[in-house]
2 protein chains.
Amino acid sequence: MIFEVGPRDGLQNEKTVLTLADKIWLCESLTAAGVKEMEAGAFVRADKVPTMADSEDVAVTLENKRLAADFYYLVPNLKGLDRALSKGVRNIALFTAVSDTFNAKNIGMSVDESFKVIEEIVKGAQKHKLKIRGYVSTVWGCPFEGRIPAAKAVPVLERMLNLPIAQLSIGDTIGVAAPKGVKEVLKLLPQSEFKSRVAVHFHDTRGTALANAEVAYDMGVRTIDSSLGGLGGCPFAPGAAGNLATEDLVYFLKENGVDTGIDYTKLCETSLKLSQKMSNRALSSKALQAYAANCSKNPVWDK
Amino acid sequence: MIFEVGPRDGLQNEKTVLTLADKIWLCESLTAAGVKEMEAGAFVRADKVPTMADSEDVAVTLENKRLAADFYYLVPNLKGLDRALSKGVRNIALFTAVSDTFNAKNIGMSVDESFKVIEEIVKGAQKHKLKIRGYVSTVWGCPFEGRIPAAKAVPVLERMLNLPIAQLSIGDTIGVAAPKGVKEVLKLLPQSEFKSRVAVHFHDTRGTALANAEVAYDMGVRTIDSSLGGLGGCPFAPGAAGNLATEDLVYFLKENGVDTGIDYTKLCETSLKLSQKMSNRALSSKALQAYAANCSKNPVWDK
């Protein structure tokens with residue numbers, strides 16, 4: 001239902017680097033709140049992404065704890081896959097984008113080249129029966145190329161979906177999409193895959209993420225990505241304010257009559273503690289702000 | 001299409017009191033940006049609402065300027081109506097709520113008592129051919145009474161709609177509604193009135209306002225209330241973070257292919273100047289923040 005990306009996508013771009021103990025605390029707290037799937041780390045270059053430098057330790061610690069959640073690790077290449085396998089990781093995430101310019105700046109490859117790498121990783125991962133999640137970014141817009149037509153995005157999405165992956169996550173990396181565009185893309189994809197193999201990943205840069213999630217849900221998509229507190233964004237997308245906040249999404253779904261299995265109070269308390277650990281970083285989630293302001297006065301909603 | 005409430009509902013609850021000249025500048029700038037209808041003041045008690053103490057001067061100045069927009073003034077009683085008429089006002093707004101407790105704390109009357117006052121004002125206003133807008137607050141929830149069932153809200157909405165008013169604005173005063181609840185209420189109202197006489201007024205306290213607006217629009221409602229920058233809130237609703245931001249709504253509608261007639265750049269520039277006039281008050285609009293962060297880099301969207 002909800003795929004939590006805060007511990008990786010969220011924390012990756014934060015100034016405060018959490019300690020290993022705090023990262024483990026975060027993943028455990030989220031699991032205790034009922035989150036069943038989340039990103040927990042990335043096997044990328046520590047010199048380029050220092051916030052993820054301890055992902056091997058994160059993976060070993062989490063795997064040993066045998067928590068009731070699936071933890072995913074970003075793997076950009078075969079070297080990353082080797083690191084993941086050596087630490088007993090069971091779920092990995094691969095990524096590319098619709099836009100060549102975005103890919104060039106992000107991973108130094110064209111879309112086509114990135115699929116060659118992805119196909120190699122998939123082959124290797126299959127041998128070890130890893131569960132694979134594929135991300136495609138810049139589906140509705142690229143910070144460098146501008147607007148992306150659905151006709152350009154859909155073939156890239158289909159190419160990813162045609163790989164033996166468990167799930168494709170469709171990303172509005174810079175948060176420009178509105179429901180009309182979301183419908184345009186989703187209508188061109190195989191609806192039979194929506195329930196089991198398609199996820200949506202909206203950024204709330206211009207406030208449209210929940211409305212987009214509503215449309216995707218109405219069309220049959222059942223997995224929505226979000227990030228605790230709205231943490232994160234993208235260093236390659238100037239002005240991108242951050243992911244859809246998990247609190248906003250859980251509040252929204254429960255008011256819509258959808259049971260996410262997540263305990264809202266535990267989720268919000270985790271956010272508030274995380275904020276403290278990050279030098280009282282203000283979190284962008286509006287639902288969290290409402291929770292923090294009046295949970296005792298409005299127990300009907302903010303619990 | 002968009003009914004702007006910033007100059008009254010927004011400014012009313014701000015700490016910074018704008019000067020008369022700045023209020024006039026704001027209304028003129030909004031008109032220049034293409035806003036066709038807005039609240040501009042309130043004929044309430046100056047000692048209770050000091051931010052609106054100069055509404056008579058606002059009204060006289062705006063009426064003399066003959067701008068290409070309709071300006072509305074809140075009128076709580078016959079005395080307020082007299083003040084409005086004496087200043088040549090042509091459009092007034094009346095208000096009540098679904099919740100007796102909210103009304104008691106806000107206006108010192110029950111819902112029933114408030115309708116007696118409203119009916120008197122309507123009679124007086126009709127003699128002078130004023131255009132009347134009626135607000136009903138706490139339609140989905142009350143900060144004191146909690147959740148409001150649709151069956152309780154709808155009779156109050158119908159009672160307002162049965163008066164000879166130009167428009168009814170349905171308010172989620174504390175920002176708790178999600179699309180499911182919005183549909184429940186709207187389905188029970190006469191759909192034939194949606195296009196011409198019904199407006200929705202969502203607060204974005206928990207991030208749900210745009211998704212709610214999308215649902216109302218899909219059901220045929222064509223007027224949506226919003227406040228520049230997301231200014232405002234309600235002093236009687238603890239924790240209410242503020243109105244749906246006009247920038248978020250305009251961005252959303254234009255990306256959805258709906259022409260609001262509002263120039264997005266002029267709108268955002270007005271917000272940024274307003275923020276400066278208010279001691280650089282941070283405005284909650286996410287679209288505005290995106291505009292401010294990267295308008296030069298992403299001209300495709302943020303213009």
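First, a word on what this report is: a plain description of the structure on this page.

## Details of the sheet that holds strand β5 (residues 131-137) of chain A
All names here are of chain A.
Move 1: Strand order in the closed barrel formed by 8 strands is β1-β2-β3-β4-β5-β8-β9-β10, with parallel pairing between adjacent strands. Taken pair by pair, the neighbouring strands of this sheet meet at an average axis angle of 30°, ignoring direction.
Move 2: Note: strand β9 (residues 198-202) against strand β10 (residues 223-226), 2 bridges, orientation parallel. Each residue of the ladder has a partner; that of alanine 199, found in β10, is threonine 223.
Move 3: Relative to strand β2 (residues 37-42), helix α2 (residues 20-33) is tilted by about 170°, and along the sheet it contacts β1 (2-4), β2 and β3 (70-74).
Move 4: Relative to the sheet, helix α3 (residues 55-65) contacts β2 and β3, its axis offset from that of β3 by approximately 165°.

## As for the pattern of salt bridges
Residue and element names in this part refer to chain A.
Move 1: Applying the stated criterion across every chain yields a total of 34 salt bridges over all chains.
Move 2: With its nearest N and O atoms 2.6 Å apart, the salt bridge here joins aspartate 54 to lysine 23. You can see aspartate 54 sitting in the loop between β2 and α3 and its partner lysine 23 sitting in helix α2, a full 31 residues away along the chain. In terms of burial, aspartate 54 and lysine 23 fall into one category: buried.

## Comments concerning the interface of chain B and chain A
Accessible area lost upon the coming together of the parts is a frequently used measure of interface size.
Move 1: Residue-level contacts link 40 residues of chain B with 40 residues of chain A.
Move 2: Where chain B abuts chain A, roughly 3400 Å² becomes buried across the two surfaces, and 55% of that area is made up of carbon and sulfur atoms.
Move 3: It is Arg206(B), Lys286(B) and Trp301(B) in chain B that bury the most area against chain A; as a group they hold 22% of the surface buried on that side.
Move 4: Our enumeration of links across chain B and chain A arrives at 4 salt bridges.
Move 5: For Arg147(B), the salt bridge identified is with Glu255(A), shortest N-O distance 3.0 Å.
Move 6: Inspection of the chain B/chain A interface yields 8 residue pairs in polar contact (both at pLDDT 80 or more).
Move 7: Within the residue set of the side of chain B that touches chain A, elements represented by two or more residues are β6 (141-142), β7 (146-147), α8 (179-187), α10 (209-218), α11 (246-255) and α13 (286-294) of chain B.
Move 8: With 5 residues, α13(B) is the largest single contributor of residues to the side of chain B that touches chain A.

## Brief notes about the sheet that holds strand β2 (residues 37-42) of chain B
Residue and element names in this part refer to chain B.
Move 1: What the 8 strands build is a closed barrel, ordered β1-β2-β3-β4-β5-β8-β9-β10; its pairing is parallel. Across the sheet, the axes of successive neighbouring strands diverge by a mean angle of 30°, strand direction being ignored.
Move 2: Sheet topology places strand β4 (residues 91-97) next to strand β5 (residues 131-137); 7 bridges connect them, and they run parallel. Directly across from isoleucine 92, in β5, lies its bridge partner isoleucine 132.
Move 3: Running at roughly 170° to β4, helix α6 (residues 111-127) makes contact with β4 and β5 of the sheet.

## A look at the relation of the copies chain B and chain A
The second copy of the chain is related to the first by a rotation about an axis and a shift along the axis.
Move 1: At an RMSD of 0.0 Å, chain B and chain A line up after a rotation of 180° and a shift of 0.0 Å along the axis. Such a combination of rotation and displacement between the chain copies is what one expects of a two-fold axis. Of every C-alpha in chain B, the one belonging to Ala211(B) sits nearest the axis of rotation, 2.0 Å from it.
Move 2: Most of the interface of chain B is mirrored in chain A: 100% of its interface residues are interface residues there too.

## Some details on the environment of Leu67(B)
Residue and element names in this part refer to chain B.
Move 1: Note that leucine 67 resides in the loop between α3 (55-65) and β3 (70-74).
Move 2: For the pair leucine 67 and threonine 31, spaced 36 residues apart in sequence, the C-alpha to C-alpha distance is 7.2 Å.
Move 3: Setting aside anything within four residues of it in sequence, one finds leucine 67 in contact with Glu28, Thr31 and Leu62.

## Things to note about the nonpolar core
Move 1: Of all hydrophobic cores here, the largest spans 212 residues; its most connected members are Ile92(A) and Ile92(B).
Move 2: Residue contacts for Ile92(B): discarding those within four places in its chain leaves Tyr72(B), Tyr73(B), Val75(B), Leu81(B), Ala84(B), Ile121(B), Ala125(B), Leu130(B), Lys131(B), Ile132(B) and Arg133(B).

## Focus: α3(B)
Because an α-helix completes one turn every 3.6 residues, residues spaced three or four positions apart along the sequence face the same direction.
All names here are of chain B.
Move 1: Here α3 has its buried residues at Ser55, Val58, Ala59, Leu62 and Glu63. Down the axis of α3, the smallest arc covering the buried residues is 120°, so these residues share one side.
Move 2: The inward-facing, buried residues of α3 abut α2 (20-33), β2 and β3.
Move 3: Arginine 66 sits one or two residues past α3 and shows a positive phi near 50°.

## Observations regarding the packing of helix α10 (residues 209-218) of chain A against helix α11 (residues 246-255) of chain A
Residues and elements named next belong to chain A.
Move 1: At a minimum axis distance of 11 Å, the contact between α10 and α11 shows a crossing angle of 45°. Considering the angle they form, α10 stands oblique to α11. Remark: the crossing between α10 and α11 carries right-handed chirality. Taking contact as the criterion, the partners of Leu210, Ala213 and Glu214 in α10 are, on α11, Asp248, Leu249 and Phe252.
Move 2: Class assignment for the residues of the contact of α10 with α11 results in 4 nonpolar, no polar and 2 charged.

## Thoughts on the packing of α2(B) against helix α12 (residues 264-277) of chain B
All names here are of chain B.
Move 1: In contact at an axis separation of 9 Å, α2 and α12 are set at 165° when each is read in the N-to-C sense. One element, α2, and the other, α12, form an angle in the roughly antiparallel class. Viewed along their axes, α2 and α12 form a crossing whose handedness is left-handed. On α12, the residues touching Asp22, Trp25, Leu26, Ser29, Leu30, Ala32 and Ala33 of α2 are Lys266, Leu267, Thr270, Lys273, Leu274 and Lys277.
Move 2: Broken down by class, the residue content of the contact of α2 with α12 amounts to 7 nonpolar, 2 polar and 4 charged.

## Quick notes on the environment of Pro190(B)
Residues and elements named next belong to chain B.
Move 1: Inspection of the secondary structure assignment puts proline 190 in the loop between α8 and α9 (194-197).
Move 2: Take proline 190: its relative accessible area is 31%, and that puts it in the partly exposed class.
Move 3: When the C-alpha atoms of proline 190 and leucine 81 are compared, they prove to be 29 Å apart, with 109 residues separating the residues in sequence.

## Re the side chain of Arg197(B)
Residues and elements named next belong to chain B.
Move 1: As for its placement among the helices and strands, arginine 197 is situated in helix α9.
Move 2: Looking at arginine 197, its side chain comes within polar contact range of the main-chain oxygen of leucine 161, at 2.7 Å.
Move 3: Every residue in contact with arginine 197, bar those within four places of it in the chain, is listed here: Leu161, Leu163, Ile165, Ala166, Gln167 and Leu168.

Thresholds, definitions, all that
- Residues numbered from 1 in each chain as written.
- Chains lettered and ligands numbered in written order.
- Predicted model: local features only at pLDDT ≥ 70, side-chain atom pairs only at ≥ 80, totals over all residues.
- Heavy atoms only, no water.
- Pairing = 2+ DSSP bridges.
- Helix = DSSP H or I, 4+ residues; strand = E, 2+ residues; numbered from the N terminus.
- Axes fitted to C-alpha atoms, helices over the stretch in contact; angles between N-to-C directions.
- Contact = heavy atoms within 4.5 Å.
- Salt bridge = Lys/Arg side-chain N within 4 Å of Asp/Glu carboxyl O.
- Buried < 20%, exposed > 50% of the residue type's maximum accessible area, 1.4 Å probe, protein only.
- Buried area = accessible area lost by both parts, 1.4 Å probe.
- Polar contact = N/O pair within 3.5 Å; in protein donor to acceptor, adjacent residues only side chain to side chain.
- Least-squares fit on C-alpha atoms with pLDDT ≥ 70 in both.
- Core = buried A, V, L, I, M, F, W, Y, C linked by side-chain atoms within 4.5 Å.
- Arc of directions from axis to C-beta.
- Parallel < 35°, antiparallel > 145°, perpendicular 65-115°, else oblique.
- Left-handed = near helix turned anticlockwise from the far one by under 90°.
- Nonpolar A, V, L, I, M, F, W, Y, C, P; charged D, E, K, R; others polar.

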